[in-house]
Amino acid sequence: MHIHLLAVGNRMPGWVTEGYEEYARRMPRECSLVLREIAPGKRGRHADIERIREEEGERLLAALGRDSYRVALDVTGTAWSTDELARDLSGWLQGGRDVCLLVGGPDGLSRRVLDQVHARRSLSRLTFPHPLVRVILAEQLYRAWTLLHHHPYHR
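**Q** Report on the sheet that holds strand S4 (residues 99-103), specifying residues and quantitative values.
**A** Across the sheet, five strands lie side by side as S2-S1-S4-S3-S5; this open sheet has parallel pairing. For this open sheet the edge positions go to strand S2 (32-38) and strand S5 (119-122), each flanked by a neighbour on one side alone. Strand-to-strand twist in this sheet, taken as the mean axis angle between neighbours without regard to direction, amounts to 30°. In the sheet, strand S3 (residues 69-79) pairs with S5 via five bridges, with the strands oriented parallel. Bridging across to S5, Thr78 finds its partner in Arg121. Its contacts with the sheet put helix H2 (residues 49-63) on strand S1 (2-8), S2 and S4, and the angle it makes with S2 is roughly 145°.

In structure tokens form, the structure reads like this:
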């Protein structure tokens, strides 16, 4: 099983890339974490945000695996605790399907994307910068895996 992190945005600062890669590298082969960057729409002073969100959504949907389990990271989603993420990870591992975690751009995910996911989750009621979400997700997935395997990292 692979966990695909599909995230709108590219050309991240070095600290984001390093942070993400540190935790992705720690993930075992049985649930490797793979980042797939989706090109963001061009935003300007008079940009049509809805059109940009729809275009980003089309690119996200095109990047999805055929039979993947799809989870949208969305402000309206159900909050995830570390224990709940660990339970979800355990279920994903038992199910054997690839998992796609979808992170939108600065304006979120399109309605079409939200309509085609199996679950909507939220990392927090706080709003995080989108680059930071990659690092948080990678770390929390690693933490969930260590929790399942009684590894001391989680303490």
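There's more to say after this.
**Q** Lay out the pairing of S1 with the relevant residues and their values.
**A** By the criterion of burial, S1 is predominantly enclosed, with six of the seven residues buried. In this sheet, S2 lies alongside S1 in parallel orientation, the contact comprising seven bridges. Residue pairing for S2: Leu5 is matched across the bridge by Leu35. Taken together, S1, helix H1 (residues 14-26) and S2 constitute a β-α-β crossover, and its handedness is right-handed. Here S1 pairs with S4 via five bridges, running parallel. Bridge pairing in S4 places Ile3 opposite Val99.

**Q** Residues and numbers for the nonpolar core, please.
**A** In terms of nonpolar packing, the biggest core is built from 28 residues, with Ile3, Leu33, Trp92 and Leu101 touching the most fellow members. Every element with two or more residues in this core is listed here: S1, H1, S3, helix H3 (82-95), S4 and helix H5 (130-148). Per-element accounting of this core gives the leading share, seven residues, to H5. Among the nonpolar cores identified, the runner-up in size contains 14 residues, and Ala72, Cys100, Val113 and Val117 belong to it.

**Q** Run through unusual backbone geometry, naming residues and quoting values.
**A** Phi is positive for Arg11, which is not a glycine, with a value near 55°. Following the sequence through the fold, Arg11 ends up in the loop between S1 and H1. The phi torsion at His150 lies on the positive side, around 55°, for a residue other than glycine. Its place among the elements puts His150 in the segment after H5. Look at His150 and you get exposed, because its relative accessible area is 74%.

**Q** Break down the side chain of Arg70 for me, citing the residues and quoting the values.
**A** Position of Arg70 relative to the elements: it lies in strand S3. Although Arg70 is buried, it makes no salt bridge; Asp67 carries the closest opposite charge, 7.5 Å away. A polar atom in the side chain of Arg70 sits 3.5 Å from the backbone oxygen of Gln116. The residues touching Arg70, leaving out its near neighbours within four places in the chain, are Leu64, Gly65, Cys100, Gln116, Val117, His118 and Ala119.

Definitions and limits used
Residues numbered from 1 in each chain as written. Predicted model: local features only at pLDDT ≥ 70, side-chain atom pairs only at ≥ 80, totals over all residues. Heavy atoms only, no water. Pairing = 2+ DSSP bridges. Helix = DSSP H or I, 4+ residues; strand = E, 2+ residues; numbered from the N terminus. Axes fitted to C-alpha atoms, helices over the stretch in contact; angles between N-to-C directions. Contact = heavy atoms within 4.5 Å. Buried < 20%, exposed > 50% of the residue type's maximum accessible area, 1.4 Å probe, protein only. Right-handed = clockwise from strand over helix to strand, strands pointing away. Core = buried A, V, L, I, M, F, W, Y, C linked by side-chain atoms within 4.5 Å. Lys, Arg positive; Asp, Glu negative; His and termini not counted. Salt bridge = Lys/Arg side-chain N within 4 Å of Asp/Glu carboxyl O. Polar contact = N/O pair within 3.5 Å; in protein donor to acceptor, adjacent residues only side chain to side chain.

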